[in-house]
Amino acid sequence: PDAGLQGHLRTAMEQRVGKAKVHGGVNISACSFYSSQGRVLPFYEDRNETYIDDLLERYPDTVAIEMETSLMFDLAECAKPGYEVLAAGCAIMLAQRKSKEFLTNEMKHKMETLGGQACLDALAALELPADRVMKGPHCVWERRRSKRQRTRK
């Protein structure tokens with residue numbers, strides 16, 4: 001993640017949900033769903049029986065295993081020079097695979113709302129240097145502005 005954006009995101013999350021509920025550490029992200037999370041299912045030949053234990057032994061600071069941020073970080077990494085993409089991530093832990101604890105639907109909804117607000121707070125707090133702000137016909141804001149001006153005429 002971009003350190004600046006991730007810092008803003010952590011601060012915003014701590015303000016929205018409380019410091020005690022925000023945990024930093026290693027996030028393992030992969031492009032698959034069941035296998036990357038160590039799920040053991042009878043209809044897949046994943047050999048995941050020791051996957052989580054093996055990961056925790058190798059990366060003891062792991063706090064999350066997910067797939068949602070994998071592509072976002074990959075796309076940010078692939079951006080051409082001069083078109084850098086800033087990316088950061090946070091996640092709501094729905095399940096604790098080792099203890100089999102799950103977040104209630106009520107708490108999940110609350111955390112989704114607060115987490116979404118924190119993401120917006122973090123983006124609003126980010127100051128981009130003038131040379132990092134895209135201008136011209138490829139900029140989404142310029143296209144929207146031009147479209148609004150055309151419809152007002």
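First, a word on what this report is: a plain description of the structure on this page. (Residues numbered from 1 in each chain as written. Predicted model: local features only at pLDDT ≥ 70, side-chain atom pairs only at ≥ 80, totals over all residues. Heavy atoms only, no water.)

1. A closer look at the layout of surface pockets
Here the idea is plain: a probe the size of a water molecule rolls over the atoms and shows the empty space left. Stated formally: Here a cavity means grid points, on a 1 Å grid over the protein atoms only, where a 1.4 Å probe fits yet cannot get out; a pocket means an open set of points with protein on both sides within 12 Å along at least five of seven lines; lining residues are those with an atom within 4 Å of a point. Grid points are joined across faces, edges and corners, and a volume is the space filled by probe spheres set on the points. We call Asp, Glu, Lys and Arg charged. Ala, Val, Leu, Ile, Met, Phe, Trp, Tyr, Cys and Pro are nonpolar, and the rest, Gly among them, are polar.
A volume near 1,700 Å³ is recorded for the largest pocket. Of the residues contributing to the lining of the largest pocket, the split by class is 22 nonpolar, 13 polar and nine charged.

2. What about the environment of Ser 70?
Spelled out, the test is: Under the DSSP-based scheme used, a helix requires at least four consecutive residues in state H or I and a strand at least two consecutive residues in state E, with every element numbered from the N terminus. Only protein chains enter the accessibility calculation, which uses a 1.4 Å probe. A residue is then buried if its area is under 20% of the maximum for its type, exposed if over 50%, and partly exposed in between. Every residue pair with non-hydrogen atoms within 4.5 Å of one another is taken to be in contact.
Here Ser 70 lies in helix H3 (residues 70-78). Its relative accessible area of 19% is what places Ser 70 among the buried residues. Expressed as a C-alpha distance, the spacing of Ser 70 and Gly 89, which sit 19 residues apart in the sequence, is 9.8 Å. Ser 70 has contacts with Ser 29, Ala 30 and Cys 31, leaving out every residue within four places of it along the chain.

3. Here we look at the nonpolar core
For clarity, the threshold we go by: In plain words, nonpolar cores are sets of buried Ala, Val, Leu, Ile, Met, Phe, Trp, Tyr and Cys residues tied together by side-chain atoms within 4.5 Å.
By size, the foremost hydrophobic cluster in this structure holds eleven residues: Leu 5, Leu 9, Ala 12, Met 13, Val 17, Val 22, Ala 88, Met 111, Leu 114, Ala 118 and Ala 122. Taken together, the elements giving at least two residues each to this core come down to helix H1 (3-17) and helix H4 (105-125). Examining the composition of this core, we find that five residues originate from one element, H1, more than from any other. Leave out the neighbours within four places in its chain, and Met 111 touches Val 17, Lys 21 and Ile 92.

4. Quick look at unusual backbone geometry
The backbone of Lys 100 sits at a positive phi, close to 65°, despite the residue not being glycine. Examined against the element boundaries, Lys 100 turns out to sit in the loop between strand E3 (95-96) and strand E4 (101-102).

5. Remarks on the side chain of Glu 66
This is how the line gets drawn: Nitrogen and oxygen atoms within 3.5 Å of one another constitute a polar contact, given that in protein one can donate a hydrogen and the other can accept it, and given that sequence-neighbouring residues count only through two side-chain atoms.
Counting through the fold element by element, Glu 66 comes out in strand E2 (residues 62-66). Polar contacts involving the side chain of Glu 66 include one to the side chain of Ser 29, which spans 3.1 Å. Here the side chain of Glu 66 touches Glu 68 through a polar contact of 2.6 Å, landing on its backbone nitrogen.

6. A look at the pattern of salt bridges
Just so we agree on the cut-off: Any carboxyl oxygen of Asp or Glu within 4 Å of a side-chain nitrogen of Lys or Arg constitutes a salt bridge here.
This model, assessed by the stated rule, comprises three salt bridges. The salt bridge partner of Arg 10 is Glu 14, with a shortest N-O separation of 3.0 Å. Taken as a pair, Arg 10 and Glu 14 lie in helix H1 at a separation of four residues, close to a single helical turn. Residue classification places Arg 10 among the partly exposed positions, given a relative accessible area of 35%.

7. So, H1
Residues separated by three or four positions in an α-helix point in the same direction, a consequence of the helix having 3.6 residues per turn. Selection criterion: To estimate the expected span of a helix, subtract one from its residue number and multiply by 1.5 Å. To be clear, the arc concerns the directions from the helix axis to the C-beta atoms.
Relative to the 21 Å expected for 15 residues at 1.5 Å per residue, H1 spans 21 Å between its end C-alpha atoms, a close match to the ideal helical length. Among the residues of H1, those classed as buried are Leu 5, Leu 9, Ala 12, Met 13 and Val 17. Take H1 and look down its axis: the buried residues cluster within an arc of 105°, on one side only. Seen from the buried face of H1, the exposed residues on the opposite side, beyond 90 degrees, are Ala 3 and Gln 15. In this fold, the buried residues of H1 make contact with H4. Between a side-chain oxygen at the N-terminus of H1 and the backbone nitrogen of Gly 4 the separation is 3.2 Å; the capping residue is Asp 2. Downstream of H1 by a residue or two, Gly 18 has a phi angle that is positive, lying close to 100°.

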